[in-house]
Structures are given as structure tokens and as C-alpha cells.
Number of protein chains: 2
Amino acid sequence: MGASEGAGTGAPPRRRTASEQVQLALLDAAQDVLDREGLPGVTVRAVAREAGVAPMGVYNRFGSKEGMLLALAVQALDDLWREVAVDRELPPEERFRQGCHAYRRFALERPQRYALVFGGGGPVAQTGSEASVYGHAVFEVLIELVEGLLGPVARERFAHSGEAAQIVWIALHGAVHLELGGIGQVAGSHDVYEQLLDLLVRGLRDGRSGPRL
Amino acid sequence: MGASEGAGTGAPPRRRTASEQVQLALLDAAQDVLDREGLPGVTVRAVAREAGVAPMGVYNRFGSKEGMLLALAVQALDDLWREVAVDRELPPEERFRQGCHAYRRFALERPQRYALVFGGGGPVAQTGSEASVYGHAVFEVLIELVEGLLGPVARERFAHSGEAAQIVWIALHGAVHLELGGIGQVAGSHDVYEQLLDLLVRGLRDGRSGPRL
């Protein structure tokens, strides 16, 4: 599991062992199968075929299909973390908006990975699982983005900034999940998302509309 | 399809024909299977077994498994419509909050029906399908709830009240979908939902916090 330990630090080790390279090759194959065929298609046999190895090679790396899905979820969350963790030098509102746009982009560009992670149940729901730890790391970024925006009055309203971040996550998830499901009731998903961000920014900035920095 | 025509008017016909009674019995059986085993368990064979009829009896009513799922989705949306269409005599904010609470209650009490309807794809996503028509009827209620709250400034911000209602739906769906998936990041889903409604009310009422009527 060297590779995922590497991902744990947010930066993979410079020189990968042969073992790590095999792990990464299998993970890439699994991601390709997931992106192409969706979660139901991600079987040990299909991933082995994709990677050109024997099914036993997949079992040797991931232990089981569940182990493989966990590794996929961890990778997806690590990728999402990299995308939402935008430049800290940006003004708070701009940073918040960029992070939220990155979240939507990730979901729309990798719908199968997003569904694996946030589709409900799965490894992220298992408290203490490696995926839940990575999920929390992404949430920590969201907390940071939100804290940059929270005005004194809004800060009073929430029990803690995590509560405000949870509400933002709820809104972002609802938006991309309905968009991916194709069951929105009005046209212009992008405009609606902008309106949603405007409302969130107003709500986090003491209800007043802050300057668009 | 007399029964669903009845549902279409929001009130089933007083005296049901034998044919309608059979349809309703099969629909009840299908709902029981759905609630108990989830969408994958809803097969013509399982529903026939549940209703104590031959599979052909199910085919005769619904034409196909897809027809059966469509009827289930229509029924679920009609039930949801009845729950969110709260007393029009209530003050706008109270009415909005009660409608939003009814939405969450429906999702938490009937998670499988909620997933069938709003899980993504499915009959609701098919424009012009009977389910999409019922989905729009629910959305119309949401528009009404939102219009009661919209202040003049907020009204200016949105292209039309449907856009504001879409944003509210996004938020409600995100909240219940994450709650059902068990992947929230903070404890106290009920409190978080209240905070979410507070933020929505502020955002729809010109950004200011209105009196809690």
C-alpha cells in the first residue's frame, strides 16, 4: 500500500518501487473501467483484463473487490482535494468561488468517481475507513474556504465553522447530483450554480451581499 | 391506468373499478418490495409473488418492468406532492419551513422511493414522461413556497422564481441525499437542516433575516 501512503502525505514518493508501480498501474486500469462502465462494471476480472494481468494479480494488491473500491475512492478523494485546494493568496470570496467551481468541475468531468465517493454508502460512509479520512481532508479545505468568508454575525449563527461548511457542501452536492442525474427543473445549470454560490456567499457574509472580490 | 389518472387530479375517484383495485393492489405490492429490498429487488417476479398473482398479471397491468417503475415513481411523486403542499393559510415563512420539513420527512421515511425518484436518471429524467409531469407538479409547489418569501431585492437577483425554487430544491436534495448516504461530516443532521433553512430564508428575503413567523 506504499502508493496510497504516499497519497496520504499529499505528495507521492519521488522514486516508486516496482511494487508501487504495479499498484498504480492496476489503479489506473480500475479507474478506466470505472469511468467507462460505472461502478457495476468494476470487477476484479474486468480490472485484471484492462491491466493485462491475471485476476490473482489484482487480489494480491487489493485483497478483494472491496479493497480495490476503497483504493479507488481514496484516489478520487485525493484528486478532489488537489482540485478544491485553490491558491491561498486569493481574496476569500474569489477563493471560495474557485474552490466551489473546482468541486463542480470534478463531479461533471468524473461522474463515476464522484458517484463512487458521494453516491451514498460505500467506503466514505464507514467511519474510520481510509476513505473517510480522505473525505475529511477534503472537508477541511471546505472549512478553510468558508472561514475566509464568515462574517461576525454569521459566525454567531453557526455552532462552529464546520456546520457552515456542511451546509455549503450540502448545497454543492445537491447541485451537482441533480445536474448529473439530469433532473433539474430549470435550464442553465451553470447560471443556477452561480446563483447558488451568490446565495451562499450572502448567507455566510452576515446575510449582506459582499463585494465580488 | 384509471388509478393514476385519478392521482393526476390529486384526488382518486370515489368508487374504484375492479380493474383499478387490482392496479392499486399491485402497486402496493411493488411499493412494499421497493421499501423492503430497494430498487434492484423490484422485479416483475418479486412483485407478482408479493401480490400473490402470476407474473403475467403484472405484465398485463404495467406492460413491462419499466412501466411498473414508472407507476411507482408517479405514485411516489404524488405522495410527495401531498406532503409538501402545506396549508396555504400559514404565514409565508412558516409555510416554507413546513414544506421543507415535509420534504425531508418523506425522504427519510421512504428512502427507497426517494432514491427511485431523485436518485438520478430514471423516469423523472425522461422529459415528457408521466413521472416528469408529476415531478414538475411538486416543483410548482416549491415555486409557490419560494414566491411567498422572495423579497423585492431577491426577486431582482433571480431570472424568475423558478430559478430560486431550483436553488432551494438543490439545497434540500443535497441535505437529504447526504443524510441518507450517511456521509455527512458533522453531527446533528436536524440542526444542520434548520441552519440550511435559515440560510435559504435569509437569502430569499433580500439577504436579511426575516422575523420567524
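The structure under discussion appears in the preceding block.
Residues numbered from 1 in each chain as written. Chains lettered and ligands numbered in written order. Predicted model: local features only at pLDDT ≥ 70, side-chain atom pairs only at ≥ 80, totals over all residues. Heavy atoms only, no water.

**Topic: the overall build of chain A**
- When its secondary structure is counted, chain A shows 12 helices and zero strands.
- If you list the helices and strands of chain A from N to C, you get α-α-α-α-α-α-α-α-α-α-α-α.
- Looking at chain A as a whole, 52% of its 213 residues qualify as buried.
- Partitioning the intrachain contacts of chain A with sequence separation of at least 6 by distance along the chain shows that 65% fall at a separation of at least 24. (Helix = DSSP H or I, 4+ residues; strand = E, 2+ residues; numbered from the N terminus. Buried < 20%, exposed > 50% of the residue type's maximum accessible area, 1.4 Å probe, protein only. Contact = heavy atoms within 4.5 Å.)

**Notes on the nonpolar core**
- Residues A:Phe96, A:Tyr103, B:Phe96 and B:Tyr103 are the most contacted members of the largest nonpolar core, which totals 138 residues.
- Among residues more than four places away in sequence, those in contact with A:Phe96 are A:Leu145, A:Val146, A:Leu149, A:Val168, A:Leu200, A:Val201 and A:Leu204. (Core = buried A, V, L, I, M, F, W, Y, C linked by side-chain atoms within 4.5 Å.)

**Digging into the relation of the copies chain B and chain A**
- The transform that puts chain B on chain A rotates by 180° and translates by 0.0 Å along the axis, for an RMSD of 0.0 Å. Considering both components of the superposition, the chain copies are consistent with a two-fold axis. Using C-alpha coordinates, one finds that chain B approaches the rotation axis most closely at B:Gly174, a distance of 1.7 Å.
- Interface overlap between copies: 100% of the residues of chain B at the interface are likewise at the interface in chain A, consistent with a symmetric, same-surface contact. (Least-squares fit on C-alpha atoms with pLDDT ≥ 70 in both.)

**With respect to the environment of B:Leu150**
Residue and element names in this part refer to chain B.
- Looking at where leucine 150 falls in the secondary structure, it is placed in the loop between helix H9 (130-147) and helix H10 (152-157).
- Classification of leucine 150 as buried rests on a relative accessible area of 8%.
- Expressed as a C-alpha distance, the spacing of leucine 150 and arginine 205, which sit 55 residues apart in the sequence, is 5.3 Å.
- If near-sequence neighbours (up to four positions away) are discounted, leucine 150 is found in contact with Arg155, Phe158, Ser161, Ala164 and Leu204.

**Some details on the packing of aromatic side chains**
- Throughout the structure, instances matching the rule amount to 10 aromatic pairs over all chains.
- Seen in terms of ring centroids, B:Phe118 and B:Trp169 are 5.5 Å apart; in terms of plane orientation they differ by 70°. Their pairing is edge-to-face. Placement of B:Phe118 in helix H7 (residues 111-118) and of B:Trp169 in helix H11 (residues 161-181) is noted, with a sequence separation of 51 residues between them.
- Under the relative-accessibility criterion, B:Phe118 is labelled buried at 4%.
- Look at B:Trp169 and you get buried, because its relative accessible area is 5%.
- Taken together, A:Tyr103, A:Tyr114, A:Phe118, A:Phe139 and A:Trp169 form an aromatic cluster joined through their ring pairs.
- Of note, A:Arg104 hangs over the ring of A:Tyr193, and the distance from its end group to the ring centre comes to 5.3 Å. (Phe/Tyr/Trp six-rings, centres within 6.5 Å; stacked < 30°, edge-to-face > 60°. Lys NZ or Arg CZ within 6 Å of the ring centre and 35° of its normal.)

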